[in-house]
Amino acid sequence: MDLIANHISHRFGTLEVLDDVSFTVGAGEVVAIVGPSGCGKSTLLSILGGLMQPAMGMAELRGAPPADSFNPLTFVFQDFALLPWCTVESNVEFPLRHTALSVAARRALVDDALRRTGLTDFRAAYPKQLSGGMRQRVGIARALAVKPAILLMDEPLSALDSQTRELLMEDFVRLLADGAMGAIYVTHNLEEAVRLADRVVVLSRRPGRIREVITMPMTRSDRGGAEARSKLLALQADLWSLIRNEAIDAEREVQDA
Ligand SMILES: Nc1ncnc2c1ncn2[C@@H]1O[C@H](COP(=O)(O)OP(=O)(O)O)[C@@H](O)[C@H]1O
Ligand SMILES: [Mg+2]
């Protein structure tokens, strides 16, 4: 199943936010969307996930979703969006509540999602008892439980400290390794983009237009080692040189407003 941004433009009142954005996310592909603050990244993700209608163009799905998927496009949120009065297990089970699954089948999906995120021993804990990183793992497990074809992630690590972010990036590399699931990964963090993406879509400042699409020259599994470090830093520097002036202008705009 492919997800296609087909000439998407959007405005809020008179504020033009996105201008003719087109790209395709193929099955199992990870596409990062980067761009200066306020350029329309979150708006674009909401449109792609079907939460909002664009003023022009459309988000399209091509091809059948995987047969075992309960929700082909599933969001992971920056603020985790957990239910504080529910245990880890109940949070992960939540999106399966209204499915016709047997208790045993539901339990198997939840167990699998908990196992893949290292949460098995924490299933009875409440969100407030967990660190930020573990809370986001619950958010990820809840997304995995519905067997998504494409994860839609909006700054999923931005609320976390740098060491936790590093660990969660390793989790993502592992979870995405078999190519069964693709992702759109919105971030302002270029390190996350070059570490995780197959392609990086660079947006201009608002109204967000595609400035460049960069295909990563190495596989994700080759990026973890020490040898890859300098290459990734160089790619990050390339991205920053594309975005820097736009970011300066975007920041001035915010300050003028
Ligand atoms: N619901 C809305 N109503 C009006 N303006 C909005 C709304 N949502 C976002 N905006 C504005 O649209 C622009 C793009 O927002 P957003 O997509 O959140 O950017 P990003 O995620 O790249 O920082 C910003 O200027 C923001 O203030
Ligand atoms: Mg945003």
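Here, the structure is the one placed above.
Quick look at the structure, then. Keep in mind it's a predicted model, so treat the numbers as computed, not measured.

### Remarks on the overall build of the chain
- Across its full length, the chain holds 7 helices and 9 strands.
- For the chain, whose C-alpha radius of gyration is 18 Å, the value lies close to the compact-globule estimate of 18 Å for 257 residues.
- The C-alpha extent of the chain, read off along each of the three principal axes, is 50 × 45 × 35 Å.
- Scored against the burial criterion, the 257 residues of the chain give a buried share of 37%.
- Considering only intrachain contacts with a sequence separation of at least 6, the fraction spanning at least 24 residues in the chain is 76%.

### A look at the sheet that holds strand β4 (residues 56-62)
- Strand order in the open sheet formed by 3 strands is β2-β1-β4, with antiparallel pairing between adjacent strands. The open sheet is flanked by β2 (15-25) and β4, the only strands paired with a single partner. Each strand axis lies, on average, 15° off the axis of its neighbour in the sheet, ignoring direction.
- As paired elements, strand β1 (residues 2-12) and β2 share 7 bridges and run antiparallel to each other. Paired with Phe12 across the bridge in β2 is Leu15.
- Across the sheet, helix α1 (residues 41-48) lies against β1, β2 and β4, angled at about 125° from β1, the strand it touches most.

### So, the site of ligand 1
- Neighbouring ligand 1 are the residues Phe12, Leu15, Val17, Gly35, Ser37, Gly38, Cys39, Gly40, Lys41, Ser42, Thr43 and Arg206.
- Among the secondary structure elements, those contributing two or more residues to the shell around ligand 1 are β2 and α1.
- Of all the elements, α1 adds the most residues to the shell around ligand 1, at 3 residues.
- The residue makeup of the shell around ligand 1, split by class, is 4 nonpolar, 6 polar and 2 charged.

### Some thoughts on the nonpolar core
- Within the largest apolar cluster, 65 residues are counted, with the highest numbers of intra-cluster contacts made by Ala32 and Ile184.
- With residues near it in sequence (within four places) discarded, Ile184 still touches Val25, Val31, Ile33, Leu45, Leu48, Ile150, Leu152 and Met153.

### Focus: the packing of helix α4 (residues 132-145) against helix α5 (residues 162-175)
- With their axes 10 Å apart at the nearest point, α4 and α5 run at an angle of 30° to one another. Relative to α5, the element α4 lies roughly parallel. For α4 against α5, the interelement crossing comes out right-handed. Across the interface between the two elements, Gly132, Gly133 and Gln136 of α4 pack against Thr164, Leu167 and Leu168 of α5.
- Considered class by class, the residues forming the contact of α4 with α5 number 2 nonpolar, 4 polar and no charged.

### Some remarks on the pairing of strand β6 (residues 150-154)
- Burial runs high along β6: 5 of the 5 residues are buried.
- Alternating positions in β6 separate into two faces, Ile150, Leu152 and Asp154 on one and Leu151 and Met153 on the other, with burial throughout.
- Bridge count for β6 against strand β7 (residues 182-186) is 5 bridges, and the pairing is parallel. Paired with Asp154 across the two strands is Val186, which belongs to β7.
- The parallel pair β6 and β7 is bridged by α5, and the resulting crossover is right-handed.

### Things to note about the sheet that holds β7
- Strand order in this open sheet of 6 strands is β5-β6-β7-β3-β8-β9, and the pairing throughout is mixed. Two strands bound the open sheet, and with one partner strand each, they are β5 (73-76) and β9 (210-215). Averaged over neighbouring strand pairs, the angle between their axes works out to 15° when direction is ignored.
- Both strand β3 (residues 30-34) and β7 contribute to a ladder of 4 bridges, which runs parallel. Directly across from Val30, in β7, lies its bridge partner Ala183.

The rules behind each value
- Residues numbered from 1 in each chain as written.
- Chains lettered and ligands numbered in written order.
- Predicted model: local features only at pLDDT ≥ 70, side-chain atom pairs only at ≥ 80, totals over all residues.
- Helix = DSSP H or I, 4+ residues; strand = E, 2+ residues; numbered from the N terminus.
- Rg over C-alpha atoms; globule rule 2.2 N^0.38 Å.
- Buried ≥ 20, exposed ≤ 12 C-beta atoms within 10 Å, placed from the backbone.
- Contact = placed C-beta atoms within 7 Å.
- Pairing = 2+ DSSP bridges.
- Axes fitted to C-alpha atoms, helices over the stretch in contact; angles between N-to-C directions.
- Near = placed C-beta within 6 Å.
- Nonpolar A, V, L, I, M, F, W, Y, C, P; charged D, E, K, R; others polar.
- Core = buried A, V, L, I, M, F, W, Y, C linked by C-beta atoms within 7 Å.
- Parallel < 35°, antiparallel > 145°, perpendicular 65-115°, else oblique.
- Left-handed = near helix turned anticlockwise from the far one by under 90°.
- Right-handed = clockwise from strand over helix to strand, strands pointing away.

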